[in-house]
Amino acid sequence: MQQVFVKFNNAEQVRSFVNMISTLDVNFDLGSGRRIVDAKSLLGVFALDLTQPQKLSCNSDDESVLEKITPYLYTGRSA
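Model, not experiment: these values are computed from the prediction.

Rules behind the numbers
Residues numbered from 1 in each chain as written. Predicted model: local features only at pLDDT ≥ 70, side-chain atom pairs only at ≥ 80, totals over all residues. Heavy atoms only, no water. Phe/Tyr/Trp six-rings, centres within 6.5 Å; stacked < 30°, edge-to-face > 60°. Helix = DSSP H or I, 4+ residues; strand = E, 2+ residues; numbered from the N terminus. Buried < 20%, exposed > 50% of the residue type's maximum accessible area, 1.4 Å probe, protein only. Pairing = 2+ DSSP bridges.

Enquirer: How would you sum up the packing of aromatic side chains? Please name residues and give values.
Expert: For the structure on display, the rule yields three aromatic pairs. Measuring from ring centre to ring centre gives 6.1 Å for F8 and Y72, while their planes differ by 50°; the resulting arrangement is tilted. Here F8 is found in the loop between strand 1 (2–6) and helix 1 (11–21), whereas its partner Y72 is found in the segment after helix 3 (63–68), with 64 residues between them in sequence. Taken individually, F8 and Y72 each receive the classification buried, so the pair is uniform in this respect. Chaining the aromatic ring pairs together yields one cluster made of F8, F17 and Y72.

Structural data, given as C-alpha cells:
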C-alpha cells in the first residue's frame, strides 16, 4: 500500500485525475480525517475540502502508479 498527498488547483484537475485513475485496475481511497471516499468517484472527490491536500491511499506497490499521478502530488509548496 502506498500513501501520498494530492492537491488540486481547479475542477478540471479533479476531472482529469479521476478519469486517469479510473483506467487503472487498482483501488484508491482519498480524503482526510474521518471523510474518506473512493477516489474514482467524481462526486465523492468533489465532496471533500479540496482547498487542503488530501491523502491518497493506493492498494498497490507498483511504482508506475505513482508516476502516473505525479502531476497531482502535493509537495508542500504553494503553486
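Enquirer: Tell me about the pairing of strand 3 (residues 35–38), and name the residues and values.
Expert: Examined bridge by bridge, strand 2 (residues 28–32) and strand 3 share four bridges and lie antiparallel to one another. The partner of D29 across the bridge, within strand 3, is D38. Linkage of strand 2 to strand 3, two consecutive antiparallel strands, is achieved through a turn of two residues, within which G33 is found at a positive phi near 65°.

Taken by themselves, the reported measurements are silent on function.
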